Amino acid sequence: MATFLYRLGRGAFRRRRLVALVWVALLFVAGFGAASASAPTSGSFSIPGTEAQKAFDLLDQRFPGMAADGATARIVIKAPEGAKVTDPGTKTEVEKIVSELKSGPGAQQISSVADPYQSQAVSQDGSTAYVSVKYDVSGMELKDETREALKDSGKEATAAGLNVQIGGDALMAAPETGSGEIIGIAVAAIVLVITFGSLIAAGLPLLTALIGVGIGVSSITALANVLDLGSTTSTLAMMIGLAVGIDYALFIVSRYRAELAEGRERDEAAGRAAGTAGSAVVFAGLTVVIALVGLAVVNIPMLTKMGFAAAGTVVIAVLVALTLVPAILGFAGRKVLPAGTKSRLFGKGRPAGAEPKANGGTRWARFVLRRPVMVLLAGVIGLGIVAIPASKLEMGLPDDGAQPVSTTQRQAYDLLSDGFGPGFNGPLMVVVDGDKALADKTVDRIKGLEGVAAVTPPNLNEAGDAGVITVIPKDRPSSTQTEDLVHEIRAVSGDEVLVTGATAMNIDFSQKMNDALLPYLALVVGLAFLLLMLVFRSILVPLKAALGFLLSVVAALGAVVAVFQWGWLGSLFGVEQTGPIMSMMPIFMVGVVFGLAMDYEVFLVTRMREAYVHGERPGQAVVTGFQYSARVVVAAAVIMIAVFAGFIGASEQMVKMIGFGLAVAVFFDAFVVRMAIVPAVLALLGHKAWWLPKWLDKLLPNVDVEGESLRKHLAGATPPEGPDKDRELVDA
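As the structure is a computational prediction, the values presented were derived from the model and not from experiment. Along each chain, numbering runs from 1 in the same order as the chain's sequence is written. Note on the predicted model: pLDDT of at least 70 is required for a residue's local features to be given, and 80 or more for side-chain atom pairs to be given and counted; whole-chain, interface and lining totals, by contrast, use all residues. Note that the side-chain values use all heavy atoms of the structure and ignore hydrogens as well as water.

Peer 1: In this structure, what is going on with the nonpolar core? I would like to understand it.
Peer 2: As used here, the term nonpolar core means buried Ala, Val, Leu, Ile, Met, Phe, Trp, Tyr and Cys residues forming a set that is joined through side-chain atoms within 4.5 Å. Any residue under 20% of the maximum accessible area for its type is buried, any over 50% is exposed, and the rest in between are partly exposed; the area is computed with a 1.4 Å probe on protein chains only. Tyr 248, Tyr 256, Phe 549, Met 589 and Phe 644 are the most contacted members of the largest nonpolar core, which totals 161 residues. Of all the elements, helix 21 (residues 653-685) adds the most residues to this core, at 19 residues. Setting aside residues no more than four positions away along its own chain, Phe 549 makes contact with Leu 521, Val 525, Val 590, Val 593, Phe 594, Ala 597, Met 598, Asp 669 and Arg 674. With 21 residues, the next largest nonpolar core counts Val 94, Val 98, Ala 157 and Ala 170 among its residues. Comment: elements are numbered from the N terminus, with helices defined as DSSP H or I runs of at least four residues and strands as E runs of at least two. Only heavy atoms enter the contact rule, under which two residues are in contact if any of them lie within 4.5 Å.

Peer 1: So what exactly am I meant to see when it comes to the packing of aromatic side chains here?
Peer 2: The geometry of an aromatic ring pair is captured by two quantities: the separation of the ring centres and the angle between the planes. Working definition: a ring pair exists when centres of Phe, Tyr or Trp rings (six-membered ring for Trp) sit within 6.5 Å. Plane angles under 30 degrees give stacked, over 60 give edge-to-face, the rest tilted. Considering all chains together, one arrives at ten aromatic pairs under this definition. Ring centres of Phe 420 and Phe 424 lie 4.7 Å apart, and the angle between their planes is 20°; on these two criteria the pair is classed as stacked. On the numbers, 4.8 Å between centres and 70° between planes, the contact of Phe 573 with Phe 660 is edge-to-face. Of this pair, Phe 573 sits in the loop between helix 18 (540-565) and strand 11 (581-582) while Phe 660 sits in helix 21, and the two are 87 residues apart along the sequence. The exposure class of Phe 573 is partly exposed, given its relative accessible area of 22%. A residue is classified by how much of its surface remains accessible, and Phe 660, at 5% relative accessible area, is buried. In this structure, Lys 91 packs its charged tip against the face of Tyr 117, placed 5.1 Å from the ring centre. Across from the ring centre of Tyr 628, 4.3 Å away, lies the NZ or CZ of Arg 607, which sits over that ring. For a Lys NZ or an Arg CZ to count as sitting over a ring, it must be within 6 Å of the ring centre and within 35 degrees of the ring normal.

Peer 1: In this structure, what is going on with the sheet that holds strand 1 (residues 72-78)? I would like to understand it.
Peer 2: Two modes of strand pairing occur in sheets, parallel and antiparallel, and in both the strands are linked by backbone hydrogen bonds. A pair of strands is labelled paired if DSSP reports no fewer than 2 bridges between them. Pairing is antiparallel across the open sheet formed by four strands, whose spatial order is 2-3-1-4. Two strands close off the open sheet at either side, each with one partner strand: strand 2 (110-114) and strand 4 (163-167). This sheet shows a mean twist of 15° between the axes of neighbouring strands, independent of strand direction. Direction of pairing for strand 2 relative to strand 3 (residues 128-135): antiparallel, over a ladder of four bridges. In the sheet register, Val 113 faces strand 3, and the bridge partner there is Val 133. In this description, a line fitted to the C-alpha atoms serves as the axis of each element, helices being fitted only across the stretch in contact, and the angle between N-to-C directions of two axes falls anywhere from 0 to 180 degrees. Contacting strand 1, strand 3 and strand 4, helix 14 (residues 408-420) runs over the sheet at an angle of about 110° to strand 4.

Peer 1: Please explain the pairing of strand 1 as it appears in this structure.
Peer 2: Each regular strand displays side chains that alternate between the two surfaces of the sheet. Strand direction decides the pairing type here: strand 1 and strand 3, joined by seven bridges, are antiparallel. Within the sheet, the bridge partner assigned to Lys 78 lies in strand 3 and is Thr 128.

Peer 1: In this structure, what is going on with the packing of helix 12 (residues 360-370) against helix 21? I would like to understand it.
Peer 2: The description of two packed helices rests on the angle between their axes and on the distance between the axes. Between helix 12 and helix 21, the shortest axis-to-axis distance is 9 Å and the interhelical angle comes to 50°. The angle between helix 12 and helix 21 places the two elements in the oblique class. Viewed along their axes, helix 12 and helix 21 form a crossing whose handedness is right-handed. Counted together, Trp 364, Val 368 and Leu 369 of helix 12 and Met 675, Ala 676, Pro 679, Ala 680 and Ala 683 of helix 21 form the full contact between these two elements. Three classes are used: nonpolar for Ala, Val, Leu, Ile, Met, Phe, Trp, Tyr, Cys and Pro, charged for Asp, Glu, Lys and Arg, and polar for all others, with Gly counted as polar. Classifying every residue of the contact of helix 12 with helix 21 gives eight nonpolar, no polar and no charged. Our angle categories are set so that under 35 degrees counts as roughly parallel, over 145 as roughly antiparallel, 65 to 115 as roughly perpendicular, and the remainder as oblique. Crossings are assigned a handedness: left-handed for a near helix turned anticlockwise from the far helix by less than a right angle, right-handed for a clockwise turn.

Coordinates in, geometry out; function isn't part of it.
Below is the structure:
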């Protein structure tokens, strides 16, 4: 592989114009496709194999149209203190709202508008009422005029002194990341400038990463409706694509400069950088792809599509690093070197071929080698303490109650809770597969349960062989009491009675994610273990990598629970409402963080393996690995943390939580596990760290990440005839 990548990188360097033209053309094609495609929808949501999904399927058969995916809205009206919504003046304003929605702009996308006075949508104390609106299309497919008409529907009533707020998914829009994403990229740029000491070298990883992400995200946008991709899919792809794209380019550029520092010609340096660091990029990218594609084992279509889309963006990032980066290095010339060839990476201007001076990575590695037990215990105990809150993890899916207090959705949620009770925001839909007698019997059973606030009479279909019962819980939708109520209804009912609705779907989703966590973990860790065993020709090194990852991801989950569930330092991260952790967060963090964590493992330990293979003792190999890779790994980690942290400013709670969780996980894994625990364990293991049974060594193919076959190939190759017109010797 190293030899193939060497030829690929050298060829891209020499044919830089063609390579750059191809990538720019791909960017324009993807951009044109995204611009001409219709706006992405929210994506269909289904959970195969769950009771809630079976109930929805039954509704489709017996109640055509009831289980449609159209958007809904609730316009909540609260009368002033001492007044009632049934007062003549207030009633007139409410009826105006209903009339304007039925005949105003966007009415063609509305399937029904329910008058609160006819649909009994008035609270018992008469202070609050709500207008239910149903649309023919999803929230993301609503026209701008339809959404604006909904927002403006209560303006006259508000001017008349009423409190009008709007909830529901009709106001759904693509999540906004705010300025945090830009700040994250700015931090990445500063780190690159400090690391490289050159604006050109610093800008190169940013440029290539943005091109790769542009192609990936534009392709997702262009295919969103065809493949039924959710609106958050592109945000996830952007988040991961930016992080790995910058990091992969960073490693290629760093190795290129190291080769120049050895006095090699530019095209040769580009080829060797692609053959050595490029091999690590390929295997690091493979671990990320395995982790993302592995999300398919959960058997939730939405999550599977998100994983495949993000994996595609990672593949593009790898291809960009192996081809476009060497091509742009060809255009950059000597400008990738710091001013006066004084490089902080290479001992501030050492002569070509000279031994590098001891740097911070070298000093840290020697410190760990002197006190491996102390460093190991400090790292493990520290992460263990941070992981304690993870034992109290409560999972669920966020609703309007998790929105910022300033939003109209949250205020509508609170008004409904105050006027009708907390459970009114999450009614349960009980579907009875039977006649009226069974439906009435089911109503009687449900009324006797403790957590029930109200039960409606059964609504039978035309054939009279199925009915729908609405159950209002006493507690809010995301509470454990409501979850217990769903289980109780299912326990006291037979197989002909199914519980569904948004709340029940969320509960089943959380349960399915929880059940899939261990199989998914086994699959991803198992495949990555085999991959790392191929890379490092060792059993203990991959095992140590996997255990270190588990420690960092559990600690990151502990931090997420402390901030988003318990509210510790919540105001610092813009968390206005605590609650259960998003159901997909644990399994999503396991997948993404495992892939990213293996990046640092591969980049850092590959250098150690390379030194060990060339005759250095285990301890010295650790020092050598840190000497060449520590600064770059630290820079890559800081960049990745900055990119992920930039998404903490997102308007959507899910994106905010993912950004925080991934940023914290990368911090723990890069700075505690890879930079402290890994060298401590390798120091204690010594030669045993690189042990592999001879029979297994013969069975495993030699992927040669450390580039030994490349060195032999180059040593036996004859120099090409005639100098390249752009070739020049560089004294670094």
